[in-house]
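So the chains spell out like this:
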Amino acid sequence: MPAREITDVRSAVMADVVRYCGRSSVPLLLRTVLRERTFRPVLTLRLCQAASAAPRGKVLLPVLMVLHRVATARAAVDLPWRTRIGPGFRLFHAWAAVVNP
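What counts, and where the lines are drawn
- Residues numbered from 1 in each chain as written.
- Predicted model: local features only at pLDDT ≥ 70, side-chain atom pairs only at ≥ 80, totals over all residues.
- Heavy atoms only, no water.
- Axes fitted to C-alpha atoms, helices over the stretch in contact; angles between N-to-C directions.
- Helix = DSSP H or I, 4+ residues; strand = E, 2+ residues; numbered from the N terminus.
- Parallel < 35°, antiparallel > 145°, perpendicular 65-115°, else oblique.
- Left-handed = near helix turned anticlockwise from the far one by under 90°.
- Contact = heavy atoms within 4.5 Å.
- Nonpolar A, V, L, I, M, F, W, Y, C, P; charged D, E, K, R; others polar.

(A) Here's a closer look at the packing of helix α3 (residues 39-53) against helix α4 (residues 61-75). Orientation of α3 relative to α4, taken along the N-to-C sense of each, is 160°, at an axis distance of 9 Å. In terms of orientation, α3 and α4 fall into the roughly antiparallel class. As α3 runs across α4, the sense of the crossing is left-handed. Residues Arg40, Pro41, Thr44, Leu45, Leu47, Cys48, Ala51 and Ser52 of α3 form the contact with α4, whose participating residues are Leu61, Leu64, Met65, Leu67, His68, Ala71, Thr72 and Ala75. Here the contact of α3 with α4 is built from residues that sort into 11 nonpolar, four polar and one charged.

Take a look at the structure:
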């Protein structure tokens, strides 16, 4: 994966953490993954998109797609991984929410 794409994914994930917590850091990222059920679909969406864009990431894509499906099911949201969403995205009320590409 090119360094620019890694930086883009990292900055988008950290912008999402800022939207959830008000600031960003790696410990806050881990805490948000563990505590916020609506953050996990957003994180797995970003990871799926990063893996699909990378030549060697396509090996991990099926595993990430399964994780994304589990995360969206547990959050009760329909959020396809191909949906393009800008940085700083937050799902406030995800029960039965449908986001279309």
